Each structure stands twice: as structure tokens, then as C-alpha cells.
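# Overview (structure and organization)
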Amino acid sequence: MKIPIITVCFNSAETIEDTIRSVLSQAYKNIEYIIIDGGSTDGTLCTYHIYKGNQSGCQKKVSQKNNLTTMVIYLHGYKDIMKLL
């Protein structure tokens, strides 16, 4: 079973790369890494694109300014996993 790991950020260009590297360096590799961005304007998404498509990189990105509804709908697909947590 793939475990989703979700990073939520906004204008995090200074710290997002450290976060991505930390997640990708974990020993457990059966993950789906999702970054939910609040519409950053500081280069945060440029860092995402560096890791996108990497064999063990970021698989998905949701980037919409202040759209909590989109995040809730997206995460609803993981409701069975969240019950386990």
C-alpha cells in the first residue's frame, strides 16, 4: 500500500528543498509524495519542478491560491488510509 506524504506550503522557497530532500531520503519508498501549494510567487514551484518526475520524486502537486476545498476533495481519496492513522 502506498502511503501519501503531503507537504502544504506557501511562499516557502527558502525551506521547501530541505523538506523535499528529507521526505525523499526516508528508507520507506512506497510513498506518493504530494505538495499542496497555496499559489506561491517566490520560486517555491521552481524547486518542485526540479524534483518532479524524479524516480522517487514528487508525484503530484496541487497549486491554487487559498483553495481549501480543492485540498479537502483531493484528500478525500485517501479517507481509508486516514482512518488507519
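As shown above, the structure is provided for reference.
Our subject in this report is the structure included herewith.

Rules and cut-offs
- Residues numbered from 1 in each chain as written.
- Predicted model: local features only at pLDDT ≥ 70, side-chain atom pairs only at ≥ 80, totals over all residues.
- Heavy atoms only, no water.
- Core = buried A, V, L, I, M, F, W, Y, C linked by side-chain atoms within 4.5 Å.
- Buried < 20%, exposed > 50% of the residue type's maximum accessible area, 1.4 Å probe, protein only.
- Helix = DSSP H or I, 4+ residues; strand = E, 2+ residues; numbered from the N terminus.
- Arc of directions from axis to C-beta.
- Contact = heavy atoms within 4.5 Å.
- Salt bridge = Lys/Arg side-chain N within 4 Å of Asp/Glu carboxyl O.

Note on soluble globular proteins: their nonpolar side chains tend to be buried together. With ten residues, the main nonpolar core is built from Cys9, Ile16, Ile20, Val23, Leu24, Ile31, Tyr33, Ile35, Tyr48 and Tyr51. Every element with two or more residues in this core is listed here: α1 (16–24), β2 (31–37) and α2 (44–51). Per-element accounting of this core gives the leading share, four residues, to α1.

Once that is clear, we can look at α1. Taken as a whole, α1 has its buried residues at Ile16, Ile20, Val23 and Leu24. The buried residues of α1 occupy an angular sector of 95° when the element is viewed end-on, so they sit on one face. The secondary structure elements touched by the buried residues of α1 are β1 (3–9), β2 and α2.

On to the pattern of salt bridges. Inspection of every chain in the model, using the stated rule, returns one salt bridge. Residue Arg21 is joined to Glu17 by a salt bridge in which the shortest nitrogen-to-oxygen separation is 3.0 Å. In this pair, Arg21 and Glu17 are both assigned in helix α1, four residues apart and thus about one turn of the helix distant. Overall, the relative accessible area of 29% leaves Glu17 in the partly exposed class.

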